[in-house]
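Below, each chain spelled out in residue letters.
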Amino acid sequence: MAKVMAVNAGSSSLKFKLYEMPEEKVICSGNAERIGHEDAIFGIKYNGENDKKVLPILDHARAVELLVEALIEKGIIKSMDEIIALGHRIVQGGKYFSHSELFNKDTEDKIESLIPLAPLHNKAHLVGFRAFKKILPNVTSVAVFDTAFHQSMEEQDYVFPIPYEYTVKYDCRRYGAHGTSHQYLAEKGAKYLPGIKHPRIISCHIGSGASITAIKDGKCVATSMGLTPLGGIMMGTRTGDLDPSVMNYLCKCTGKSVEEMYQIFNKQSGLLGVSEVSNDSRDIAAACEAKNPKALLADKLFIRRVCDYIGQYFVRLGGADLIIFSAGIGENSPEFRQKVIDEIAPALGVEIDRELNKGLRGKEALLSTPNSKIKVALIPTDEEVMLARDAYKAYLEEHK
Ligand code: ADP
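Throughout what follows, the structure given in this document is the object of discussion. (Residues numbered from 1 in each chain as written. Predicted model: local features only at pLDDT ≥ 70, side-chain atom pairs only at ≥ 80, totals over all residues. Heavy atoms only, no water.)

1. Considerations on the site of the ligand
Taken together, Gly207, Ser208, Gly209, Asn279, Asp280, Ser281, Arg282, Ala327, Gly328, Ile329, Asn332 and Ser333 are the residues near the ligand. A distance of 2.9 Å separates an oxygen atom of the ligand from a polar backbone atom of Gly328. Taking Asn332, its main chain carries an N or O atom lying 3.3 Å from a nitrogen atom of the ligand. A total of 580 Å² of accessible area belongs to the ligand in isolation, and the protein chains cover 64% of it. Of all the secondary structure elements, the ones that give two or more residues to the shell around the ligand are helix H10 (281-289) and helix H12 (327-332). (Near = heavy atom within 4 Å. Polar contact = N/O pair within 3.5 Å; in protein donor to acceptor, adjacent residues only side chain to side chain. Areas by Shrake-Rupley, 256 points an atom, 1.4 Å probe, with all protein chains shown as cover. Helix = DSSP H or I, 4+ residues; strand = E, 2+ residues; numbered from the N terminus.)

2. As for the packing of aromatic side chains
Evaluated as defined, the whole model comprises eight aromatic pairs. Plain terms: the ring middles of Phe302 and Phe336 are 5.7 Å apart, the flat faces sit at 45 degrees to each other, and that makes the pair tilted. Residue Phe302 is located in helix H11 (residues 293-316), and its partner Phe336 is located in helix H13 (residues 334-348); the two are separated by 34 residues in the primary sequence. Each member of the pair, Phe302 as well as Phe336, is classed as buried. A connected cluster of aromatic rings, assembled from ring pairs, spans Tyr96, Phe97 and Phe145. (Phe/Tyr/Trp six-rings, centres within 6.5 Å; stacked < 30°, edge-to-face > 60°. Buried < 20%, exposed > 50% of the residue type's maximum accessible area, 1.4 Å probe, protein only.)

3. Notes on the pattern of salt bridges
Here the structure, examined in full by the defined rule, presents 27 salt bridges. Salt-bridge contacts for Lys188 lead to Glu364; the nearest nitrogen and oxygen are separated by 3.5 Å. Of this pair, Lys188 sits in helix H6 (residues 179-189) while Glu364 sits in the loop between helix H14 (354-358) and strand S13 (365-366), and the two are 176 residues apart along the sequence. For Arg282, the salt bridge identified is with Asp280, shortest N-O distance 3.0 Å. Because the salt bridges share partners, they merge into one network encompassing Glu24, Glu187 and Arg389. (Salt bridge = Lys/Arg side-chain N within 4 Å of Asp/Glu carboxyl O.)

4. What about the sheet that holds strand S11 (residues 219-223)?
The six strands are arranged S11-S10-S9-S12-S14-S13 in an open sheet whose pairing can be described as mixed. The two strands at the open ends of the sheet, each matched to only one other strand, are S11 and S13. Across two bridges, the pairing between S13 and strand S14 (residues 375-378) is antiparallel. Across the sheet, Leu366 pairs through a bridge with Ala377, a residue of S14. (Pairing = 2+ DSSP bridges.)

5. Considering the nonpolar core
Core analysis: the biggest nonpolar cluster contains 44 residues, and Ile202, Ile206, Ile212, Ile310, Ile323 and Phe336 have the highest contact counts within it. For this core, the secondary structure elements donating two or more residues are strand S9 (200-206), strand S10 (210-216), S11, H10, H11, strand S12 (322-326), H13 and S14. Of all the elements, H11 adds the most residues to this core, at nine residues. With residues up to four places along the chain from it excluded, the contact list for Ile202 reads Ile212, Thr213, Ile310, Tyr313, Phe314, Leu317, Ala320, Leu322, Ile323 and Ile324. If you look at the next biggest cluster of nonpolar residues, it comprises 32 residues, including Ile35, Ile44, Leu66 and Met80. (Core = buried A, V, L, I, M, F, W, Y, C linked by side-chain atoms within 4.5 Å. Contact = heavy atoms within 4.5 Å.)

Spelled out as structure tokens, the structure:
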């Protein structure tokens, strides 16, 4: 039996999910949080039980040791040899990676060289990878990039209208993010489009971080996030696209530095910034019920930004066959989905079954009515299974 682990290492966290492959059955999952602290937390979910303990975890290597100990102690594995491959999530693959790649010196060096583009993420991913390498030195390890799916964009879709010299010299361009999720959604969504020769999908990954991608023939042609995940639609705490002069003007007005304002654009803007209530869409919904005017504005602005991108991508794709809603808000908020559909309906002739949509949370379903000019589906995303798939594929390649 082949066991493969999906790994997502953050600066102070390490999430994991162990799969039985090729069945893609989840065996267990869990995470270490607050790594670097005396009172860190290690949690593992197995057989319907959720064990959590507070203990010192001073670095990622210790977190991996704890994980291995827990797997053996619970009888999930007898020895580490049973884990044949690891799929590591890597946020930024830059221009180098258009698909997943085996971890070797070159892969590591490239991920390292991309740290300036994703300072918190890529650094942490490498720490996570090295911690696993120390304990599982010979296991097949694969880097799965959030940006890889978007590498199929044409130049005019990823180049920013800045002096071209900067594009080339600093690799300053659109890379997008959530690529693993959009790819998963495109693959899943294909089943709703039998017989369509060149399927056109608008995939809406709307969570705390949110992005929209235009997909033609299974390939990304345009995506909303930019150089970093700050670009595109408005999000929980991120601005999304702005007139760049906002940065200059606000720095002058407030006396804050560019770095400080950049943090504000990332962490204190979006739904949180406009509503002054919360970054969580559930809190915004509750505040809207209470007729809080700033929450109402945040909600309208959010919907508007999403619809603007759907409209843009409808044109970019020359029409659309399927709109997919996914991630925290897309999967769990019927109100959000209905508002988006109501706003785009007059232009795009799209219609969903109101009653079906109303009760639906986190479950795959076709929401559109037979009259709708574009199909609409709710598809829960699953980025981890993509990590496991690519890791398993690489293992099979290596052991052919
Ligand atoms: P990320 O992966 O970017 O952290 P998620 O995809 O987990 O984000 O989405 C988090 C968002 O999903 C939050 O804004 C939260 O409000 C929203 N969300 C989660 N559950 C629900 C729900 N039942 N109803 C409405 N929104 C929800």
